[in-house]
Amino acid sequence: MLSNRPNLTLLGTRGIALAALLAALLVAPVYGNQKNKKKDAAPAPPPEKSILEKLDYSLIVWPNPPQITRVKYLDFFSAQKVEAPPQTAARKKVSWMEKMAGGAAPPPREDTKPRFQLITPYGMAIDSKNRLYVADGQVGAVFIFDTETKDLDMIKNGIHASFGLIVGLALDDNDRLFVSDSGLHRVLVFSPQHKLETSITAGMADPGGIALDTENRFLYVADTALDQVLVYDADKFTLLRRIGTGGKNHFLTAPGDFAKPTNVAVDADGNLYVSDTLNNRIEIFDADGNFIRAFGKSGDGPDHFARPKGIAIDGDGHIWVADGVQDRIQCFNSDGKLLMYLGTHGMLPGQFRALAGLAIDRNNRIFTSEQFPGRVQMFRYITNKEALAEWERRQAAEKKDAEKQQPATQTSVSAPAPAANAAPKPEVKQ
C-alpha cells in the first residue's frame, strides 16, 4: 500500500539531521511568540464587585436620617463558609519541550466539597453564647451559626436524631433545645450538648411555632391542625391545658379561638402572644390562659396583616410581627398601635421573599428567616433608652451651637428653637 509518510530509513543520516533542524525551526518560533505575547499581555482586570459587595451595610437603617435610628441592618446567614483549598506542594516548572510532548502537570485540584446551605429556614433561637439556631425542614437539620465568625455546627437528621419536618425552635436558660417536628407530630428535647433526651407527643397533631416561659416553666406549642395552643410542663413534659377550641376546621373567629395559629411568643410578664394566621390578628393571653385582647385587621398595607407568622417581643416589650404575604415586619406597642415597619418584596438587605420566622435575643438583635432565598437576616433594635440618649445628645449639641452663634454682648441665652428637620423625641410609651 502506498503511503505519503516519508521513510526515514531511506533519507539517510543527513536527511534525519535536516528533518530535526526543520522541526526545531518550525516549533521554536511558535512557542517563543506565545511566550512573548503572554509576557506583554496586560493583566486581566479584577472581577467587578456585585451590588451586595458594594453596599455599605452600616448605612442601612430605619427610619431614614435625620430621624433617630431604631433598627440597623447587620448581616445575613445562608450557608457554610467557603473553605480554602488545601495547600499543595510546589510543582517543578515544566519546559516547553515537555509541554509539547504532553508532559505538562495537571492544574491544581479545587476543593469541590459541597457546602450545607439553608433552603427553607423557619424557626430560630439564640443560646447563651449568642449562637443562632435555625430549623430547616427541607435540609432536615438544625443549623447552628456563630454570629461573629459564621462558623457552622449542625444537628443532622439520621445522625443526631430522626426528623420528619422540623419547624419551630426554643431554648431555655440552660441552653436545652426544643424542636417541633410537624412531620412526626412531636417536639424533641436536646441537651445543651445536643444529645437527644426525650420527645413530647401527647395531644399533638401538627406542631409549629413554639416558645418557652422560663419563669412559669411552660412550653407553648402552636398546633395549626388543631387550631389550638398546647401548654406543657417544660420540665415534666406533661400536657397541662389547651387554649382555643379545636375541631372546627379553621373557621372560628371569636376572641380566644384560632384559625391556624402558627407562632407564639412570651413577654417578660409571662403573657402569651399568638399569631392567628388565617384571622390576620394577634391574640394575647395571660399565664393562666385567659384571653386579654387582640389586635390586627386584614389588608395589604402597614398596620394591616396578610398572613402574620413569626412573632417576637423586644427588650422594651414591643411586639414584632412577620407578615408572610406582605414580606414586612411591623412593630407594635402593647396596645396594638403601629410604631414602625420595614421591608418589602426583594433580595436586597432589608427586603424579604416568603418571610416566615422571627426571633429577638437578649441583645435586641432581630433575626428573620425567608423561605425562597434560604437566608436569615440579622438586625439590631435600638432600645428606647438608647434612642432617648441620642435625642438628648442632639439637643445638647444644638443648644451649644446656638450659644456660640449668639452676640458677645448678649448676657442671657434663651433655649434655641428646634431645627425644622430635627428628629422628634422618641416615643417610650408601652
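Residues numbered from 1 in each chain as written. Predicted model: local features only at pLDDT ≥ 70, side-chain atom pairs only at ≥ 80, totals over all residues. Heavy atoms only, no water.

**Student:** Summarise the environment of alanine 141; cite the residues concerned and give the values.
**Tutor:** With respect to the helices and strands, the residue alanine 141 is situated in strand 5 (residues 141-146). In this structure alanine 141 comes out as buried when scored by relative accessible area, which is 2%. Residues alanine 141 and histidine 160, spaced 19 residues apart in sequence, show a C-alpha to C-alpha distance of 9.4 Å. Apart from the residues lying within four places of it in its own chain, the contact partners of alanine 141 are Val134, Ala135, Asp136, Met154, Ile155, Lys156, Phe163 and Ile166. (Helix = DSSP H or I, 4+ residues; strand = E, 2+ residues; numbered from the N terminus. Buried < 20%, exposed > 50% of the residue type's maximum accessible area, 1.4 Å probe, protein only. Contact = heavy atoms within 4.5 Å.)

**Student:** Could you give an account of the pairing of strand 22 (residues 338-342), with specific residues and numbers?
**Tutor:** On a regular strand, each side chain points to the face opposite its neighbour's, so the side chains alternate between the two faces of the sheet. Here strand 21 (residues 328-332) runs beside strand 22; their pairing, made up of four bridges, is antiparallel. Of the residues in strand 22, the one forming a bridge with isoleucine 329 is leucine 342. Linkage of strand 21 to strand 22, two consecutive antiparallel strands, is achieved through a turn of five residues, within which glycine 336 is found at a positive phi near 85°. (Pairing = 2+ DSSP bridges.)

**Student:** Account for the sheet that holds strand 11 (residues 207-213), naming residues and giving values.
**Tutor:** With antiparallel pairing, four strands are arranged side by side in an open sheet as 11-12-13-14. At either end of the open sheet lies a strand with only one pairing partner, and these are strand 11 and strand 14 (239-243). Geometrically, the sheet is characterised by an average inter-axis angle of 20° between neighbouring strands, direction not taken into account. Across five bridges, strand 11 lies against strand 12 (residues 218-223) in antiparallel orientation. Bridged to isoleucine 210 within strand 12 is valine 221. (Axes fitted to C-alpha atoms, helices over the stretch in contact; angles between N-to-C directions.)

**Student:** Account for the packing of aromatic side chains, naming residues and giving values.
**Tutor:** All told, the structure shown has 15 aromatic pairs when counted by the stated rule. For the pair phenylalanine 77 and phenylalanine 145, a centre-to-centre distance of 5.4 Å together with 40° between the ring planes defines the contact as tilted. Here the residue phenylalanine 77 occupies a position in strand 2 (residues 71-77), and phenylalanine 145 occupies one in strand 5, the gap between them amounting to 68 residues. In this structure, phenylalanine 77 and phenylalanine 145 share a single accessibility class: buried. Taken together through their ring pairs, the aromatic side chains of Tyr57, Trp62, Tyr73, Phe352 and Phe379 make up a single cluster. A cation sits over an aromatic face here: lysine 150 above phenylalanine 76, 4.9 Å from the ring centre. When the ring centre of phenylalanine 77 is taken as reference, the NZ or CZ atom of lysine 150 above it lies at 5.5 Å. (Phe/Tyr/Trp six-rings, centres within 6.5 Å; stacked < 30°, edge-to-face > 60°. Lys NZ or Arg CZ within 6 Å of the ring centre and 35° of its normal.)

**Student:** Tell me about the nonpolar core, and please be specific about residues and values.
**Tutor:** Counting residues in hydrophobic clusters, the biggest one holds 18 residues, and the most contacted among them are Trp62, Trp320, Leu342 and Phe379. Looking at this core, the elements that each hand over two or more residues are strand 2, strand 20 (319-323), strand 21, strand 22, strand 23 (355-360) and strand 25 (375-381). Ranked by residue count, the leading element in this core is strand 23, at three residues. Look past the residues within four positions of leucine 342 in its chain and what remains in contact with it is Trp62, Val71, Arg328, Ile329, Gly350, Phe352 and Phe379. Of all hydrophobic cores here, the second largest spans 15 residues; its members include Ala125, Ala135, Ala161 and Leu171. (Core = buried A, V, L, I, M, F, W, Y, C linked by side-chain atoms within 4.5 Å.)

**Student:** Provide a residue-level description of the sheet that holds strand 20, including the pertinent values.
**Tutor:** In spatial order, the strands read 19-20-21-22; together these four strands make up an open sheet with antiparallel pairing. The sheet is open, and its two edges are formed by strand 19 (308-313) and strand 22, each paired on a single side. Across this sheet, the average inter-strand angle for adjacent strands is 20°, counted without regard to direction.

**Student:** So, the environment of alanine 356: which residues are in play, and what are the values?
**Tutor:** Tracing the chain through its elements places alanine 356 in strand 23. With 34 residues separating them in the primary sequence, alanine 356 and alanine 322 have C-alpha atoms 6.6 Å apart. Not counting residues within four places of it along the chain, the set of residues in contact with alanine 356 comprises Tyr122, Lys309, Gly310, Ala322, Ser369 and Gln371.

Honestly, that's just the spatial picture; any functional story needs more than this.
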